[in-house]
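The chain contents come next:
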Amino acid sequence: MAIGASFAGAPSMVSTAGGGFALMVEGVSLAAMTETPLVVVVGQRPAPATGLPTRTEQADLEFVIHAGHGEFPRAVFAPGSIEQCFHLTRKAFELAERAQGPAFVLTDHFIADSMRTIEPLDVESLEAVGAPHEGISVEEPYRRYRLTPGGVSPRLLPGRTKHLVVADSDEHDEFGHITEDLSLRKLMVEKRLAKGAILREACVPPEYAGDERPDVLLVAWGSTRGSALEAAAVLRERGVRSAVLHFAQVWPIVPEQFVERLRGAREVVCVESNATGQFARLLRRETGVEIARRVLRYDGLAITPEYILRGLGVAGRY
């Protein structure tokens, strides 16, 4: 339904948890093949299957990054605060429209079920995220999937202009009609992948807070942000040089934005709510930096500052 609404011009979003996303994940590839903007919010909770449906976890990272059959670009955001939930969801809509494909907001039960007091969000100064309008100029005859250097083709809405808008879930030619031309297939794959450059250029760099060249660098993503910042502050009060590197975007990641931070710390510790250190594995794959020490939680409860400190072997309460 969301893909159809987006195809007709309405910026569209689906919110679900890991189980619901698993049921409908084929649609992600449909959005990619038809080059239709789509935003999906996945609120993680413990799995497999129904797991602990009223508890929290961060175990769907690798699933969301790789969800869908075939190869195509996507952006995955992981907000660490209510304010980031608002702004990054809006950014997901913007990038979905610009790159004409799927974008994700990866939250979890903890952040989705929290109540916070925040400053009012300024929405009046923000421009609406809109779909193409009738006045867009296109070459004739109109080719929905025209091959372009950057991979983005002119997108018209069906029934809004004199042009015929065709979509096909099979591989297609520039007009949108099914094709088995294998040389054209190669060009279309490369066209879709080229849009990944848009996502990389717009990648949100990780937030760094704390001492330069710390003794302990806590690497966190998503909802563990607040607890990691508080744990690092406690360490500094106890005379330990510490800092936090928090990722509010987990895909794509651009190593040039942060790899020197990892190499500049005496010890790096990855903090995440899963049993296998999924983000630490992702960082190793993309940067070559191995984060051997990890503070992991997967009993369904949220990571707290005290839990992090205990995992670091810091004695006593704070």
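Not measured: the values here are computed from a predicted model.

(A) Local environment of helix H3 (residues 26-34). What H3 keeps buried is the set Val28, Ser29, Ala31, Ala32, Met33 and Thr34. Turning to H3, the residues buried within the fold contact helix H1 (2-7), helix H2 (18-23), strand S2 (38-44), strand S4 (102-108) and helix H7 (182-194). Phi turns positive, to about 55°, at Glu35, one or two residues after H3.

(B) Quick peek at the environment of Val314. Relative to the elements of secondary structure, Val314 occurs in the segment after helix H12 (305-311). Residues Val314 and Leu235, spaced 79 residues apart in sequence, show a C-alpha to C-alpha distance of 8.7 Å. The contact partners of Val314, leaving out residues within four places of it in the chain, are Leu235, Arg238 and Leu309.

(C) Region of interest: the sheet that holds strand S1 (residues 13-17). The strand order across the open sheet formed by five strands is S1-S2-S4-S3-S8, and the pairing between neighbours is mixed. Strands with a single pairing partner mark the edges of an open sheet, and in this sheet they are S1 and strand S8 (249-251). With strand direction ignored, the average angle separating the axes of adjacent strands in the sheet is 25°. Relative to S4, strand S3 (residues 75-77) runs parallel, the two being bridged by three bridges. Across the sheet, residue Ala75 finds its bridge partner in S4, namely Ala103.

(D) Main features of the pairing of strand S9 (residues 267-272). Counting buried residues in S9 gives five out of six residues, a clear majority hidden from the surface. As paired elements, strand S6 (residues 216-221) and S9 share five bridges and run parallel to each other. In the sheet register, Val216 faces S9, and the bridge partner there is Glu267. For the segment spanning S9, helix H11 (residues 278-287) and strand S10 (residues 293-296), crossover handedness is right-handed.

(E) Spatial organisation of the nonpolar core. In terms of nonpolar packing, the biggest core is built from 40 residues, with Leu217, Val219, Phe247 and Phe279 touching the most fellow members. By residue number, the principal contributor to this core is H11, which donates four residues. Those residues in contact with Leu217 that sit more than four places away from it in its chain are Tyr208, Ala243, Val244, Leu245, Arg261, Leu262, Ala265, Glu267, Val268 and Val269. In this structure, Leu218, Ala232, Val244 and Val269 belong to the second largest nonpolar core, which totals 17 residues.

(F) Region of interest: the packing of aromatic side chains. Under the defined criterion, the tally for this structure stands at five aromatic pairs. A centroid spacing of 5.2 Å and a plane angle of 55° characterise the contact between Phe21 and Phe63, whose relative ring orientation is tilted. Placement of Phe21 in helix H2 and of Phe63 in helix H4 (residues 61-66) is noted, with a sequence separation of 42 residues between them. The buried category is assigned to Phe21, whose relative accessible area is 4%. One aromatic cluster is present, built from ring pairs that chain together Trp221, Phe247, Phe258 and Phe279. Just above the ring of Tyr208 sits the side chain of Arg261; from NZ or CZ to the centre is 3.7 Å.

(G) How the structure looks around the state of the cysteines. Taken as a whole and judged by the stated rule, the model has zero disulfides. Free cysteine: Cys85, not disulfide-bonded; nearest cysteine sulfur from Cys203 at 18 Å. We classify Cys85 as buried; its relative accessible area is 18%. Cys270 takes part in no disulfide bond, and the closest cysteine sulfur to it belongs to Cys203, at a distance of 16 Å. Judged by relative accessible area, Cys270 falls into the buried class, the value being 0%.

(H) Seen up close, the sheet that holds strand S7 (residues 242-247). An order of S5-S7-S6-S9-S10 is seen for the five strands of this open sheet, with the pairing classed as mixed. Bordering the open sheet on either side are strand S5 (207-210) and S10, each of which pairs with just one other strand. Taking the axes of each pair of neighbouring strands and ignoring which way they run, one obtains an average angle of 20° across the sheet. As judged from the four bridges shared by S9 and S10, these two strands associate in the parallel manner. Bridging from a neighbouring strand, Val271 pairs with Val295 of S10. Across the sheet, H11 touches S6, S7, S9 and S10, and the angle it forms with S9 is around 130°.

Reading guide: rules and limits
Residues numbered from 1 in each chain as written. Predicted model: local features only at pLDDT ≥ 70, side-chain atom pairs only at ≥ 80, totals over all residues. Heavy atoms only, no water. Buried < 20%, exposed > 50% of the residue type's maximum accessible area, 1.4 Å probe, protein only. Helix = DSSP H or I, 4+ residues; strand = E, 2+ residues; numbered from the N terminus. Contact = heavy atoms within 4.5 Å. Pairing = 2+ DSSP bridges. Axes fitted to C-alpha atoms, helices over the stretch in contact; angles between N-to-C directions. Right-handed = clockwise from strand over helix to strand, strands pointing away. Core = buried A, V, L, I, M, F, W, Y, C linked by side-chain atoms within 4.5 Å. Phe/Tyr/Trp six-rings, centres within 6.5 Å; stacked < 30°, edge-to-face > 60°. Lys NZ or Arg CZ within 6 Å of the ring centre and 35° of its normal. Disulfide = S-S within 2.5 Å.

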